[in-house]
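Now for the letters of each chain:
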Amino acid sequence: GHQGGVWCMEVVGAVLITGSTDRTIAVWNVRSMTKQLDLIGHSSTIRSLKVHEQYVISGSRDGVIRVWEWASGRCVHVLLGHTGSIRCLGIYKDHISGLSYIISGSYDETAIIWSLETGKQQFKLQGHSGRLYALAVYKNYVFTAGMDHRVKKWNILTGECVHDIYTSQTLIGMMAQHGHYVATGSTDGKVCVFD
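The structure displayed is predicted, hence computed values, not measured ones.

Caption draft 1: Just the overall build of the protein, in detail. Within the protein, the secondary structure is distributed over zero helices and 19 strands. In terms of C-alpha radius of gyration, the protein reaches 16 Å, essentially the compact-globule figure of 16 Å for 195 residues. Projected onto its principal axes, the C-alpha positions of the protein cover 45 × 40 × 30 Å. In the protein, which comprises 195 residues, the proportion classed as buried is 52%. Looking at the protein alone, contacts between residues at least 24 apart form 32% of all its contacts between residues at least 6 apart. For the protein, the exposed area adds up to about 9300 Å²; of that, 52% sits on carbon and sulfur atoms.

Caption draft 2: Looking closely at the layout of surface pockets. In this structure, the largest pocket occupies an estimated 490 Å³ of space. What lines the largest pocket is a set of 22 residues, among which K50, C88, L89, L135 and M175 lie closest to the centre. Broken down by secondary-structure element, the contributors of at least two residues to the lining of the largest pocket are β1 (6-12), β5 (46-52), β9 (86-93), β13 (132-138) and β17 (172-178). Taken together, the residues that form the lining of the largest pocket break down as 14 nonpolar, four polar and four charged. Estimated volume of the second largest pocket: approximately 180 Å³. Lining of the second largest pocket is provided by Y138, Y141, F143, K153, H163, I165, H180, Y181, V182, F194 and D195. Of the residues assigned to the lining of the second largest pocket, the class counts are seven nonpolar, two polar and two charged.

Caption draft 3: Quick peek at a nonpolar patch on the surface. Residues Y181, V191 and V193 make up a contiguous nonpolar surface patch of about 330 Å² in total accessible area. Counting through the fold element by element, V193 comes out in strand β19 (residues 191-194).

Caption draft 4: Spatial organisation of the sheet that holds strand β2 (residues 15-20). As summarised here, the arrangement of the four strands in space is β1-β2-β3-β4, forming an open sheet in which the pairing is antiparallel. The open sheet has two edge strands with one neighbour each: β1 and β4 (34-40). This sheet shows a mean twist of 20 degrees between the axes of neighbouring strands, independent of strand direction. Sheet topology note: the strand β3 (residues 24-29)/β4 ladder contains six bridges and is antiparallel. In the strand pairing of β4, V27 is matched with L37.

The rules behind these values
Residues numbered from 1 in each chain as written. Predicted model: local features only at pLDDT ≥ 70, side-chain atom pairs only at ≥ 80, totals over all residues. Heavy atoms only, no water. Helix = DSSP H or I, 4+ residues; strand = E, 2+ residues; numbered from the N terminus. Rg over C-alpha atoms; globule rule 2.2 N^0.38 Å. Buried < 20%, exposed > 50% of the residue type's maximum accessible area, 1.4 Å probe, protein only. Contact = heavy atoms within 4.5 Å. Areas by Shrake-Rupley, 256 points an atom, 1.4 Å probe, with all protein chains shown as cover. 1 Å grid on protein atoms, 1.4 Å probe; cavity = no way out; pocket = protein on both sides within 12 Å on 5 of 7 lines; lining within 4 Å. Points joined across faces, edges and corners; volume = space filled by probe spheres on them. Nonpolar A, V, L, I, M, F, W, Y, C, P; charged D, E, K, R; others polar. Patch = residues over 30% accessible without salt bridge, like charges linked within 9 Å, V, L, I, M, F, W, Y side chains within 5 Å. Salt bridge = Lys/Arg side-chain N within 4 Å of Asp/Glu carboxyl O. Pairing = 2+ DSSP bridges. Axes fitted to C-alpha atoms, helices over the stretch in contact; angles between N-to-C directions.

What follows is the structure in structure tokens.
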């Protein structure tokens, strides 16, 4: 159904959401193997996707993040603030306030925390000296990493950097969080696990 390569995907129950170099996001029913709708609005490759409640969040090489209602296909927010490709996305829900936040990492060497409800920028996280390729969310913290061999840990609610770790890894392209651990994978073949 796509006219180009598929770069990212998310699965929610029987729904598969895919992002492509053809600048579209497709919503599929896995059981019937049919496309339900296309989400159209980005001007370049879709590089990252996240699903949160009724929303699909998409990040593109066009430097724009879009928030969609995946059932209707309506775009509810267009988030502008990055000057480079959006490479990674995360979601955090504050269970005390009930508010949700989008975290985006970019080739512009920054991450931004956005309010999902309003679409407004909350904090711009600056301090990396290379493109960001990966992030992971744990409780009210986000870990960011990329080309500069560093893993930074930020407080999502204050925007403060609380840890800055220099690793022996090269470009860190992947991160995963499980329990109290964050794992990073890099182009030198190393996987590091942090407590």
